[in-house]
Amino acid sequence: MTKKITIAIDGFSSTGKSTIAKLLANKYNYVYVDTGAMYRAVTLFAKLNGYVTKDTFNKEALINDLTSISLSFHFNEKIGFSEMYLNNRNVEQQIRTLEVSQLVSKVAEISEVRKKLVLEQQFMGKDGGVVMDGRDIGTVVFPNADLKLFMTASADKRATRRYKELIDRGDKVTFEDVLFNVEERDRIDSTREDSPLTKAKDAITFDNSDMGIKEQFDRICSLVDQKLSML
Ligand code: DC
């Protein structure tokens, strides 16, 4: 049987975690789980039901309705990776808007939401052979992960990448709004009470402000190969 490990990738928003995670999952034939997409899908659910807006948040209503939320990933062969489904509807496009990005950190602060999603994530990764990215993977979801990476980059570089992504999809956003959102999410994600974004003690930091994808990927693959050779 091929040996498989668990790879946890945490870090700030728009640090390219998902790009690296997808490349790793393809190369090693592992399952990729984008946990940010799950928090985004719950946020979309809360938004569509009127539980959360820019100015209001009915936490109780969302908590009481959490059992109505069913999340799943479905592999899309055309694009080569899995897409997020909320109650059997493909919501991949809707969850990536700036509007959802502006609400998601508020929703991700709620312990009841985190409890539900962490359990689902642990179930998805229980057999190993998984690359999971998020904010609390190496600290809470898989504290015993075989390899933990912590990605970081300057806020300006990250906002530039995210702004380009949004403009390329045709969204009407300003760079200032995107930069503000990146910094605001960093602040909320790192200071919330339940499972704040922190680097696990045994995680390896990658500052990719000035590092291309290929260099990062090659370095990370060496780390994975090293781990695999030790099994
Ligand atoms: O990775 P992302 O930017 O798509 O994540 C969206 C938000 O979800 C992020 O601002 C914080 C939250 N999140 C979290 O709290 N815990 C995770 N494991 C993943 C994401």
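Residues numbered from 1 in each chain as written. Predicted model: local features only at pLDDT ≥ 70, side-chain atom pairs only at ≥ 80, totals over all residues. Heavy atoms only, no water.

Student: What am I meant to see in the overall build of the protein here?
Tutor: Secondary structure assignment for the protein yields nine helices and eight strands. A globule of 231 residues ought to have a C-alpha radius of gyration of about 17 Å, and the protein, at 17 Å, matches this closely. Based on the C-alpha atoms only, the size of the protein along its principal axes is roughly 50 × 40 × 35 Å. Counting only contacts in the protein whose residues sit at least 6 apart along the sequence, the fraction spanning at least 24 positions is 72%. Here the protein displays about 11,600 Å² of accessible surface, and carbon together with sulfur accounts for 51% of that area. (Helix = DSSP H or I, 4+ residues; strand = E, 2+ residues; numbered from the N terminus. Rg over C-alpha atoms; globule rule 2.2 N^0.38 Å. Contact = heavy atoms within 4.5 Å. Areas by Shrake-Rupley, 256 points an atom, 1.4 Å probe, with all protein chains shown as cover.)

Student: How do you make sense of the sheet that holds strand β5 (residues 89–90) when you look at a structure like this?
Tutor: Through backbone hydrogen bonds, the strands of a sheet pair up, either in parallel or in antiparallel fashion. If you walk across this open sheet you meet the three strands as β3-β4-β5, and the pairing is antiparallel. The outermost strands of the open sheet, each flanked by one partner alone, are β3 (71–76) and β5. Contacting β3 and β4 (81–86), helix α2 (residues 35–48) crosses the sheet at an angle of about 25° to β4. (Pairing = 2+ DSSP bridges. Axes fitted to C-alpha atoms, helices over the stretch in contact; angles between N-to-C directions.)

Student: Could you clarify how one ought to interpret the site of the ligand in this entry?
Tutor: Taken together, 15 residues surround the ligand, and among them Arg40, Arg114, Asp136, Asp189 and Arg192 come closest. Within the contact set of the ligand, a nitrogen atom lies 2.8 Å away from a side-chain nitrogen or oxygen of Asp136. Considering the ligand on its own, with 450 Å² of exposed area, one finds that the protein chains cover 96% of that surface. According to the grid-proximity analysis, the pocket containing the ligand is the largest pocket. At four residues, α2 tops the list of elements feeding residues into the shell around the ligand. (Near = heavy atom within 4 Å. Polar contact = N/O pair within 3.5 Å; in protein donor to acceptor, adjacent residues only side chain to side chain. 1 Å grid on protein atoms, 1.4 Å probe; cavity = no way out; pocket = protein on both sides within 12 Å on 5 of 7 lines; lining within 4 Å. Sits in = over half its atoms within 2 Å of the grid points.)

Student: How should the pattern of salt bridges be read in this particular structure?
Tutor: Tallied over the full model, the rule gives 17 salt bridges. The salt bridge involving Arg162 is made with Glu165; its shortest N-O contact spans 3.5 Å. Of this pair, Arg162 and Glu165 both sit in helix α7 (residues 155–168), three residues apart, roughly one helical turn. The exposure class assigned to Glu165 is partly exposed, which follows from its relative accessible area of 47%. When the shortest N-O distance is used, the salt bridge between Arg169 and Asp171 registers 3.0 Å. The class for Asp171 is buried, based on a relative accessible area of 18%. The structure contains a network of salt bridges with shared partners spanning Asp34, Glu92 and Arg96. (Salt bridge = Lys/Arg side-chain N within 4 Å of Asp/Glu carboxyl O. Buried < 20%, exposed > 50% of the residue type's maximum accessible area, 1.4 Å probe, protein only.)

Student: Teacher, can you tell me more about the side chain of Glu83 here?
Tutor: Note on placement: Glu83 falls in strand β4. Here the side chain of Glu83 touches Asn90 through a polar contact of 3.0 Å, side chain to side chain.

Student: Before we go on, may I ask you to explain the nonpolar core in this structure?
Tutor: What tends to happen in soluble globular proteins is that the nonpolar side chains get buried as a cluster. Counting residues in each nonpolar core, the largest one holds 36 residues, and the members touching the most others are Val42, Leu62, Ile69, Leu71, Met84 and Val113. Those elements that provide at least two residues to this core are α2, α3 (59–64), β4, α4 (98–108), α5 (111–124), β6 (130–134) and α6 (137–141). With eight residues, α2 is the single largest residue contributor to this core. For Val113, the residues in contact, after removing those within four places along its chain, are Tyr39, Val42, Leu62, Leu66 and Val107. Residues Leu24, Leu149, Ile220 and Cys221 belong to the second largest nonpolar core, which totals 22 residues. (Core = buried A, V, L, I, M, F, W, Y, C linked by side-chain atoms within 4.5 Å.)

Student: Sorry if this is basic, but what is going on with unusual backbone geometry here?
Tutor: Across the chain, the bulk of peptide bonds are trans and the bulk of non-glycine residues have phi less than zero. You will see that Asn87, though not glycine, has its phi angle at about 45°, which is positive. Positionally, Asn87 belongs in the loop between β4 and β5. Residue Asn88 is not a glycine yet carries a positive backbone phi of 65°. Mapping Asn88 onto the fold places it in the loop between β4 and β5. Since its relative accessible area comes to 65%, Asn88 is described here as exposed.

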